[in-house]
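Chain by chain, the residues:
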Amino acid sequence: MEADWSEVTRIPLPPPAPNAYLTPVTTFAFDSHQELLWAGNDHGRVSSFFGRDLSRYTSYRAGSAEDGAIKKLLFCDKGVVSISARTVHLSIRRGLTQWHLKHPGFLNLQCMAFTSKGVQEVLIAGLQSQMFKVDVEKGVITDTIETEAQYTIMKRAGQYICAGTTNGAIHVLDPATCRVVKNWQAHAGWINDMDASASFLVTCGGSPRPLYGPTLDPLARVYDLKTLLPLPPITFQAGAAFIRMHPKMSSTCIICSQNGQLQVVDLLQSVMVSVHQANIYDTYLTALELAPSGEALVLADTQCQIHLWGLPTRMRFSELNIAPEFPDVPAPVPSLPWSTEIPLSTIGMPFYREVLLSAWPTHLVVEVGAPPARIDPEVLASLKRSDIGGHAPWPGRTRRNQVEDTRAVQRARDTLAAPRFLSERLQSDPEIQNGQRRISDALESLADLALSDSTKKDVPVVYQNFEIKYSKFGVEDFDFEYYNRTCYSGLETHIANSYMNPLLQVLRFTPIIRNLALRHTASSCLYETCLLCEMGFLFDMLEKAEGQNCQATNFLKTFSSLSHAATHGLLEDLSPNTPLTVMIQSVNRFLMGKISGDYRQISPQANHLETALATVAIESTRCTFCSSEQSVPERQLVHELVYPPKVQPPFGRRRRPLTFNQAVRQPPRAPRPTFSTILKTSIDKHTQSKGWCGQCHRYQLLSKTKNMQGLPSVLMINTAIHNPEARQLWATPGWLPQQIGVIINSGQVFCYEGKDLSLHLARGAHNITVYELIGVVADINSGENQKPHLVSLINVAPSSINAQDKDLWHLFNDFLVRPTTTNEALHFDVGWKLPSLLAYQVVSGSHRIDDTWKENLDPSLLYRKWSQLSVSLTDPRRSVANRLSSSENANPDTFRLLSDDTERPKPGFQCAIDAEFVKLEREEIDMHSDGTHETVRPSRLGLARVSVLRGAGNDAGLPFMDDYIAITEVVVDYLTAFSGISPGDLDRMTSKHALVSLKVAYKKLWLLLNLGCIFIGHGLPKDFRTINIHVPKSQVIDTVDLFYISVNKRKLSLRFLAWYLLKEEIQQTTHDSVEDARTALKLYAKYKEFVDAGILEQMLNEIYAKGREVGFKAPSAAAGLGVDALGTPGGSATASPSKKPAALARTTLGSSLR
């Protein structure tokens, strides 16, 4: 509110009827989308006024007089939401009712605010004991919540909803659960007004005073919503009646008294006060409201007058400034001499952008007629002709009088049917049992499915949104190979925030980022929140998988745990209504800054990653009033494209068709801007904005310019498409170049493409940096029945070590991967495919795959004392430091770390492994009306314990890694019977074990994997999948497969094999990972004995025969075996199997493996 603000307009609120008296304003609000001011009265009528003149726009009844006065107004894309004491109403801005809601629970509504779902849901409350959530789209109540107090005022503030009670208290509510997070007693009597921003909450109210009765407090209360602590109040001697936060200046508020005194106060510097006085004499004020733009203020008084304040020369209400719809002024119809000689082309057609009335919506289109059904060949073969046609026996394949939907058959040909589960294919396809996978014929057609002229308007099948189906065996039973026949792995989608998959794929195929990420991962970094390490783990897993499906579980889990990610609205659960394009562009900015900071933690002196990503410039800020200038260095990691503004015709003038002579005299249109032109403007952009000038000591118009200093090796670009003109540019064929050239000369940047780039390269006069397009993340709108999703189109040639590879474009649609052409990859369509972000890399960085990180691994983590304790700690409150120091005294016969001198892991180093897990999320099941159910999302497991034992030598079977993992998430089921983990074992405050982070445990396994170790265990694929690590088959020895006959279609359990072959009873009460790993190691030794003796096939048949006798379950100890101690046939041992002591078992095992 500047010093020269004054009253611009004063109008009375229109009466409810033509001859009725004026009524006071009960509430008013500025529209957040259009230049409108809305006001309500006590007769249930809502009126709107346009522009600074406050000319009448619309007026409608949102409720009857019996329903009470209008209490609150909120705005969304659908229209205006209003509440009275007993009703909730939604109308479009032109006044037409969308829905009107009444409910017996609506007793005395007073206030409302949007919830965590944004403008899709509103929370309403009042002087009653219940609150209600209302779906704005449908106009129905979705939830009823019991309240702790009665609320009179409510404001949405960042991540909270602030509500004022009848006794002067403030309740801070969680928008998702509506539970009270914090409460303050702001005023002793009541809350008169309140406002909030993302950081601050300000209130004014009253208190009962002796001899004076209820009186407004001379203080405005201030609270910090980030720390949830009170701040020093603001003194206002005139009595604070109304208060508003400034929408542009986050720490500035406007306080008003009932007699019209206005003060503009800085919350952080309350001594800086600007005072104004409203022109009221024989009345007092009843309400105050500030426009979202901060350029207008409106007051209401008891004489039913509305006062508009601001600057007459510069005033607007909304930042969006969307023009309201006004009635069309009918144009005069020109008289035409109508005759057969007049051509119809003389009648012009208007220009239009909106959908025509002839374009009927899909739900109103009815298909009439259908292709005839195909006659069964059996019917044709037995057809007998007669006088009236022919007849044949009914083949019995369908019900009588059943009609075939031939259109559905045709539609089925245009879609990709879901594959059968692997368990179903094993039963019906014998080739799969022999290890020969047969890809379905449906996938064969994908290779021929291109973006031809006939399908440009339809979304191709491969771009559609595919979902993972779950059988009773879980996600492992889903046939991912059905969707991917390439050597490049896709990423699964059943994980929260998996919308980031396309961006991760683009970064994985950018060689410079890939090399630096893996180099950092191989270092000694152990920071739990390091996304760069998780990115390196993921890249290494994708490369080792070679086309098998992977999942970014650990990366996304670490990402979701970052508080800044939630603050920036990057989590799907917290931003359900944010478009994916906006989210992925925000993630791009956040991720580039985060991984640069992660790299700096280990290499602060030489941050090669920031050098590879940052565009270096000197930003100069100059005050246009005093010409003072300041310069600061700037490093831009991500560039946002800035498109040229559209030239708008004068307001209110309708564009009409031009005659031939007028068209000839028109000046030529400006050429369509090229991508390089827009990129230059975006990198070297000059802006003007209002800001604080230290020389003038006030807000002035500041001009910002850039002096470019250096270019990055990787150019990350957000397309930032927000208007139809930008969409049309991207829809132009060939508009996105595969190569661009950038020159920096005298602090300015110049961009070239196509022939201009070739010409500059041929001349060689300037030092030009040439970039090539690595990948594009595109937003796909698959239609009305599917939600939008993201895909990536990537040129994998630059990430190949073969320099001859060129233009190998692939589509990555989560777990569907297929090769595509360059034209199809770079073809965009306004209707269904638009780019969200681009990744360019210098041409000199292509084909440079640096794998020296494998030779520079830092294995020191394997020799540190991080493992669990073998001693029992009686005091669970002992600190972690005490527990770690106690591990030095662990019994070396039951646990000993690897020796850096004599036991350094190397290729072929054998180790036994087993892991235990706990359940972090239960499965989500959709029940159908017929009683069947379908798994929507499977349960999510978390690693709780992992044990790794020596696999050979004198110490075979001795653990060198036995880590319990600290879990901060809520554990819904410890699975104690299967994991041996009890409540409290994974809590740092109560656990008797020395807990380590998931990052530490995972990195140990990752080091063993890349050092060439061979893992021995039972049922390892599922363990590795849950751990989120991919181990090549050449480094896995799985005892499940060693003792398996494919014809029997049954795999044997570890407990049964130990009972039959080793005469040991394991897993009696719970599972123990050390015991299971050691048992698997013994079974491997037994397997080698059978192979050496040449009796493996015979023993396998005996094992399955015995299994069928006992139901493949280990009997009790008294059952007896009927085989000798070595498991060879013909034995006469009668002793019951017993579990051997650990030390004896390790000694026997070591002698057999040497």
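For clarity, every value in this text was computed on a predicted model and none was experimentally measured. (Residues numbered from 1 in each chain as written. Predicted model: local features only at pLDDT ≥ 70, side-chain atom pairs only at ≥ 80, totals over all residues. Heavy atoms only, no water.)

**Describing the overall build of the chain**
Then step 1. Along the backbone of the chain there are 26 helices and 52 strands.
Then step 2. Residues classed as buried in the chain amount to 50% of the 1154 residues present.
Then step 3. Taking as baseline every contact in the chain between residues at least 6 positions apart, the subset at least 24 positions apart corresponds to 61%.
Then step 4. Carbon and sulfur atoms make up 52% of the accessible area of the chain, which amounts to about 57,200 Å² in all. (Helix = DSSP H or I, 4+ residues; strand = E, 2+ residues; numbered from the N terminus. Buried < 20%, exposed > 50% of the residue type's maximum accessible area, 1.4 Å probe, protein only. Contact = heavy atoms within 4.5 Å. Areas by Shrake-Rupley, 256 points an atom, 1.4 Å probe, with all protein chains shown as cover.)

**Some remarks on helix H20 (residues 998–1010)**
Then step 1. With 13 residues, H20 should cover 18 Å at 1.5 Å per step; its first-to-last C-alpha distance of 18 Å lies within 8% of that length.
Then step 2. Judged by how many residues are buried, H20 sits mostly within the fold: 12 of 13 residues are covered.
Then step 3. Among the residues making up H20, those that are buried are Lys-999, Val-1000, Ala-1001, Tyr-1002, Lys-1003, Lys-1004, Leu-1005, Trp-1006, Leu-1007, Leu-1008, Leu-1009 and Asn-1010. (Expected span 1.5 Å × (residues − 1).)

**Quick word on the packing of aromatic side chains**
Then step 1. By the definition in use, this model includes 30 aromatic pairs.
Then step 2. Ring geometry for Phe-509 against Phe-812: centres 5.4 Å apart, planes inclined by 45°, an arrangement best described as tilted. Taken together, the positions of Phe-509 in the loop between helix H6 (501–508) and helix H7 (511–521) and Phe-812 in strand S42 (residues 809–813) put the pair 303 residues apart, joining distant regions of the chain. Each member of the pair, Phe-509 as well as Phe-812, is classed as buried.
Then step 3. Between Trp-853 and Trp-1006 the ring centres are 5.5 Å apart and the planes differ by 10°, which places this aromatic pair in the stacked class. (Phe/Tyr/Trp six-rings, centres within 6.5 Å; stacked < 30°, edge-to-face > 60°.)

**What to know about a nonpolar patch on the surface**
Then step 1. Where nonpolar side chains cluster on the molecular surface, the patch consists of Val-271, Met-272, Trp-692 and Tyr-699 and spans about 450 Å² of accessible area.
Then step 2. Mapped onto the secondary structure, Val-271 falls in the loop between strand S25 (261–266) and strand S26 (273–277).
Then step 3. You can call Val-271 exposed: its relative accessible area is 75%. (Patch = residues over 30% accessible without salt bridge, like charges linked within 9 Å, V, L, I, M, F, W, Y side chains within 5 Å. Salt bridge = Lys/Arg side-chain N within 4 Å of Asp/Glu carboxyl O.)

**Describing the packing of H6 against helix H8 (residues 531–545)**
The angle between the axes and the distance between the axes are what describe a pair of packed helices.
Then step 1. In the contact formed by H6 and H8, the axes pass within 11 Å of each other and the chain directions differ by 80°. By the angle between their directions, the pair H6 and H8 is classed as roughly perpendicular. Contact with H6, carried on its side by Leu-504, Gln-505, Leu-507 and Arg-508, involves Met-535, Leu-538, Phe-539, Leu-542 and Glu-543 of H8 and no other residues of that element.
Then step 2. A per-class count over the contact of H6 with H8 returns six nonpolar, one polar and two charged. (Axes fitted to C-alpha atoms, helices over the stretch in contact; angles between N-to-C directions. Parallel < 35°, antiparallel > 145°, perpendicular 65-115°, else oblique. Nonpolar A, V, L, I, M, F, W, Y, C, P; charged D, E, K, R; others polar.)

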